[in-house]
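One-letter residues, chain by chain:
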Amino acid sequence: MSFLLVCPNCGARDVAEFRYGGQLGDTAKNLPERQQERWYHRFGCRCWLVAERDIRTNEVIRTGWLDGDAS
């Protein structure tokens, strides 16, 4: 299922432009809830960002730079 990620630098883009970098936090399990994830914008600005996403629906709640606060 495709969804959009909002890159803080490039704006809304299809997830196919990004590479998944793993889940942030203590849990390594893919539980059916919101989780924070690393994403690399490989076909854009080539920066890492963090996205909070509900993995049940693929709804992206917010995004931000990996080294700062998600917004």
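Further up the page is the structure itself.
Structural notes, computed from the coordinates. (Residues numbered from 1 in each chain as written. Predicted model: local features only at pLDDT ≥ 70, side-chain atom pairs only at ≥ 80, totals over all residues. Heavy atoms only, no water.)

What follows concerns the overall build of the chain. In terms of regular secondary structure, the chain is built from 0 helices and 6 strands. For the chain, the succession of helices and strands along the chain, N to C, is β-β-β-β-β-β. Here the chain holds 71 residues, and 31% of them are scored as buried. Of the contacts formed within the chain by residues at least 6 apart in sequence, a portion of 29% connects residues at least 24 apart. About 4,600 Å² of surface is accessible on the chain, with carbon and sulfur atoms providing 47% of the total. (Helix = DSSP H or I, 4+ residues; strand = E, 2+ residues; numbered from the N terminus. Buried < 20%, exposed > 50% of the residue type's maximum accessible area, 1.4 Å probe, protein only. Contact = heavy atoms within 4.5 Å. Areas by Shrake-Rupley, 256 points an atom, 1.4 Å probe, with all protein chains shown as cover.)

A positive phi angle, near 60°, is found at arginine 46, a position not held by glycine. Looking at the element boundaries, arginine 46 is found in the loop between β4 (34–40) and β5 (48–54). On the basis of relative accessibility, which here comes to 59%, the residue arginine 46 falls in the exposed class. A positive phi angle, near 65°, is found at asparagine 58, a position not held by glycine. Relative to the assigned elements, asparagine 58 resides in the loop between β5 and β6 (59–65).

A few words on the sheet that holds strand β3 (residues 19–23). Read across the sheet, 4 strands follow the order β3-β4-β5-β6 without closing on themselves; strand pairing throughout is antiparallel. What marks the edges here is a single partner per strand, and that holds for β3 and β6. The mean inter-strand angle of the sheet, taken between neighbouring strand axes irrespective of direction, is 30°. With 7 bridges joining them, β4 and β5 adopt antiparallel strand pairing. Note on β5: the bridge partner recorded for glutamine 35 is arginine 53. (Pairing = 2+ DSSP bridges. Axes fitted to C-alpha atoms, helices over the stretch in contact; angles between N-to-C directions.)

Right, let's talk about the environment of arginine 19 for a bit. Counting through the fold element by element, arginine 19 comes out in strand β3. Given the relative accessible area of 43%, arginine 19 is considered partly exposed. In this structure, the C-alpha to C-alpha distance between arginine 19 and histidine 41, residues 22 residues apart in sequence, is 6.6 Å.

What is shown is where atoms sit, not what they do.
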